[in-house]
Every structure is written in C-alpha cells, then in structure tokens.
Amino acid sequence: MEMFCFQCEQTAHRKGCTTTGVCGKSADTANLQDELTSAVIELANCNKINDENTNLIIEGLFTTITNVNFDNKSVKELTLTIKSKISCNSEFDIKSVWNCNEDIRSLKSLILFGLKGIAAYAHHAANLNYKDGEVNNYFYEALQGISKDLSVDELTALVLKTGEINLKCMELLDRANTETYGNPVPTKVTTNIEKGPFIVVTGHDLHDLGLLLEQTKDKGINIYTHGEMLPCHAYPELKKYSHLKGNFGTAWQNQQKEFDNLPGAILFTTNCIMPVKDSYKDRVFTTSVVQYPECTHIGEDKDFTTVINKALELGGYNEDKEITGINGGEVLTVGFAHNTVLSVADKVIDAVKTGKLKHIFLVGGCDGAKTGRNYYTEFVKQTPENTLVLTLACGKYRFNDLDLGDINGIPRLLDMGQCNDAYSAIKVAVELSKAFNCSVNDLPLSLVLSWYEQKAVCILLTLLYLGIENIRLGPTLPAFVSPNVLNFLVDKFKIKPITTPENDLKEILEQC
Ligand code: SF4
Ligand code: SF4
C-alpha cells in the first residue's frame, strides 16, 4: 500500500515516507489520517463556526500530529463523526495538495502543519476551560485557504498569519497554565527513583497530570515525569503534591529503551508515543487524543483506576534506584519561565552593561533520534562562561543535567519549560529589547533551534511573524520547504542551517 507523509523531520530520505513511516506509522494509518484531514477541511468549508465544529476540527488536527495516534479504529471513528456533521457537498482530498506545484504545496504544508501545532496547544488550553475566539475562527479561515486556489502571495500571508495566531494561542495556554497552577518557580528535580510503586507521566497536558496527582495522593504511589512533562514540577499547584517525586528518563525518542520492562505504569497525555514494545505494552495507558492499538485508553471520565492498579501490581523497584541524565547529572533545575526571568531582569541588564554577560543563547526545540542532534549538547558545553543559555522543549535533555555555574547569581542554564513556553522566551526578549531600547534582532541574543514535529513548525512561524532574524535551524531543514520558499526565508529572515558548534559559536560571537 502506498502513502505519502513528509510532515516531520525524520521523514524518509529527507523527501517523504511512501511505504511506511519512519515513526512507525503504517501506510493504512497514514491514509486514514489523510482522510481525517480531508474531512476536517470539508467541515471548515461547509459548517458555521460554533463550539461543536471547532472542537472536532481541533481534535481532528491534533490526532494527525506525528506520534499521537496509531490506532486505526479511533481515527476511523473520528472521521465518521466529522463526516456525519458536514452540512454541504464540498469534497476535498488532501492528496490534491501533495500533488500540486512544489511551491504551493510547500506553503500549504507550512499552513497545515502549523495549524496542527496550534490545535495541540488550543486543546490543552481548552482542557483548562481557556478558549480564544480569534484563534478558533482562524482554523476555519486557514483550512478554507488550503482548499482554495490561492496565489503564492496570498498563501505567504496566511503562513505568517499562522505564526501570529500561534502567538495568541501560546499566550492563551500560558494564561491557562499559570492562572490554574500558579507561575512556575525555580525547582530542583531529581532523576533518581524511590523504591515502591510508581507511575510515569509523559506529554504536555497539565490538566491530566493534576487529575492523576489528586487520584493517587493517598495510594502509596509516586509520580514521575518523562519528556515534555518535566516543567510541571515548577508549578506551585502541582508541586504541592509530595508524591510528585522527580523525573524519569530523558526525551521521547529514548522511550523504547527507557520503558523496557519498567516496573511502573506509564501514562501518555500527548505525543510523542513511539511504537510500543511487547516488553511494556501491558503497562502503557493513553488518554485524550493519544491512542495505540492494544493499549488501554482512559476516556473522558479521566478515571485512572486501571493505571493505579497496574502500578500497584508492578510494585516498582525493590530499592531506591540511581539514574542520571545523559551527562551524568542527577539534578535538573526547572521553572525559569517569563515571570521568574523578568523578576531578575535588572540583574541581567546590569550584567550586560558591565560586560559580565556578553551574549544570551536560546538553545531550544525538539529532540529526536538522529546522531547529528549531539550538535546541541556540544554547542551548550562550548558556550563561554560569560554567556547565558535559555532552553525549552524536548531537546534540553541533551544538556539539562550539566552544571554551567552562574553569573551574578543567575544560573547560566535557564530551563523555560515546554515547547509552548517559547511564549516565555518571546516575552523575555521583547522586555529586554524595551530595556535596551533596540529591536529584538539587535539584542545580544541568538536562537539556535532544533525541530522535529508540527508544534515546532507553528513556533517557527511565530518567530518569523515577529520578524526574528538569523535563526539557526537543525538538524536538517524541513522536506516540505521547496527551494523557492527556502530562498524567500533566507532572503527575508536570514534563516540558516546549523553547521558545527565551533563554527556557529565563532560566527555568532564575532558579530557581538
Ligand atoms: S510523521 Fe514523519 S516519520 Fe511519520 S510518516 Fe510522516 S513524515 Fe514519516
Ligand atoms: S519539543 Fe518538539 S518533539 Fe517535543 S513535544 Fe514539542 S514539538 Fe514535539
């Protein structure tokens, strides 16, 4: 069976997966996800804007993100539900986009993949009852644009508007998370695991984690985060639970090794779920849009009893277990979101003015399996002592157990949170540019980013919408960006691929 998918960084031969997904997605799942995407676009074309339709659009888009849903049955059911609601004849096949002129295909892909990322963030915000009319309405406008015969200029405008709307959506999610759970505060997180029953929670959804913490508080079970859930330790209303103990393991691509025969239950609240090995399939639970064949799915009632019972049955380790991060460290410090960083803005500004702080690097973004991604570890290790490193998202596991020391009492390595907390980095950059009375591009700040899936696409579009220049992007450039579109990005935004840590650091610091 044939398929076509080129939405993530690990796509086959840097062109597209055509027989099976490098991510493990089979051709039939890929084709069912294409049908789902087509149905979502038909719904946006035909139906009026209301909560029911918007929820279906958001769920449909989120379901098709890389490493979210491998379960054909649930993808089919959602497609049928959406099709049953479509109120006019507006047949659309997303394959028509894959087959069109490469520049149109490239621009429409940027819009569609960016929208998928926004859908994920809007979904998390909605779980906490935070919604934004402008964000929701844009799903209809952009999906309609994908099905229309628009010019390159019109599509380019929609690409940048996708970045603008994602900024609003990240701000919405930031408000949802901080108003519900408090502003993150600096918090040290252990990588060691205590003996006894435990549950590992991964993904982005703080609401699901909060419900699990409440349901497990008197059960003699400890909770550990994995991957994108690490930043939750810094939120006061989550860290108040004494059985939220620490972080297990590293980023998503290591889960098959890290979860192998794990004596604890594992709950996936969002991506990235990798193909689940038999050695731990019986202890994997999914919820929300994540689904995997033969793994128990926790429905809308969010009753985690089966997860709790599995953790008790498995019993955990017999003795406390020492586990380190990738570089041998046992402590990860989190909680440097915009509120905390801006509270020490005076110190940062003073350090820049007195020459103690020469440059700030934002080294953030996704992690993945490719060997070239150790660029980011080496880059951070080689940053001079008079520089700060802001970080966020999955890629930080490559260096977040390093102790880089401090400048004027400010740690040199500041973890700002999940990938959606790119909003924090933007807020800090904007405030610093006001303090220095210059543009963000004139700050002593450089962005060195890594990407993997579609949430990273919408963040990149936000940075472009804001006019941020000189972004270094790796480990490879997106396959869906055509040569002409790439030339446009290079000309207008001076975007560039990463080279080597030595070269890139030298070039950045010489320009200071
Ligand atoms: S999500 Fe990525 S790896 Fe999976 S099929 Fe698509 S391009 Fe290939
Ligand atoms: S950092 Fe990248 S890989 Fe991790 S959840 Fe965000 S978009 Fe996905």
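Cut-offs and rules
- Residues numbered from 1 in each chain as written.
- Chains lettered and ligands numbered in written order.
- Predicted model: local features only at pLDDT ≥ 70, side-chain atom pairs only at ≥ 80, totals over all residues.
- Pairing = 2+ DSSP bridges.
- Helix = DSSP H or I, 4+ residues; strand = E, 2+ residues; numbered from the N terminus.
- Axes fitted to C-alpha atoms, helices over the stretch in contact; angles between N-to-C directions.
- Parallel < 35°, antiparallel > 145°, perpendicular 65-115°, else oblique.
- Left-handed = near helix turned anticlockwise from the far one by under 90°.
- Contact = placed C-beta atoms within 7 Å.
- Nonpolar A, V, L, I, M, F, W, Y, C, P; charged D, E, K, R; others polar.

### Examining the sheet that holds strand β10 (residues 387-391)
Hydrogen bonds along the backbone pair up the strands of a sheet, which may run parallel or antiparallel.
At step 1: In space, the 6 strands of this open sheet follow the order β13-β10-β9-β14-β15-β16, with parallel pairing throughout. Among the strands making up the open sheet, the edge pair consists of β13 (413-415) and β16 (496-497).
At step 2: Here strand β9 (residues 359-365) runs beside strand β14 (residues 445-450); their pairing, made up of 6 bridges, is parallel. Each residue of the ladder has a partner; that of G365, found in β14, is S450.

### Some points on the packing of helix α6 (residues 133-147) against helix α7 (residues 152-181)
At step 1: With their axes 10 Å apart at the nearest point, α6 and α7 run at an angle of 155 degrees to one another. The pairing of α6 with α7 is recorded here as roughly antiparallel in orientation. Regarding α6 and α7, the two cross each other, and that crossing is left-handed. From α6, E134, V135, Y138, A142 and G145 reach across to α7, where they touch L158, T162, I165, K168, C169 and L172.
At step 2: The residue makeup of the contact of α6 with α7, split by class, is 7 nonpolar, 2 polar and 2 charged.

### Description of the environment of G355
At step 1: Positionally, G355 belongs in the loop between α13 (345-353) and β9.
At step 2: Taking C-alpha positions, G355 is 8.3 Å from N386, a pair spaced 31 residues apart along the chain.

### What about unusual backbone geometry?
At step 1: In this structure, C272 follows N271 across a cis peptide bond, with omega equal to 15 degrees.
At step 2: On the secondary structure map, C272 appears in the loop between β5 (265-268) and β6 (284-287).
At step 3: Cis geometry marks the peptide bond from G474 to P475, where omega comes out at 0 degrees.
At step 4: Among the structural elements, P475 can be located in the loop between β15 (472-474) and α17 (483-493).
At step 5: With phi around 70 degrees, N129 is a residue other than glycine that occupies positive phi space.

### Points about the packing of helix α2 (residues 51-63) against helix α3 (residues 72-85)
At step 1: Running from N to C, α2 and α3 cross one another at 150 degrees; their axes reach a closest spacing of 11 Å. Classed by the angle they form, the pair α2 and α3 counts as roughly antiparallel. As α2 packs across α3, the resulting crossing turns out to be left-handed. Taking contact as the criterion, the partners of N53, L56, E59, G60 and T63 in α2 are, on α3, V75, L78, T81, I82 and K85.
At step 2: Of the residues in the contact of α2 with α3, the class split is 4 nonpolar, 4 polar and 2 charged.

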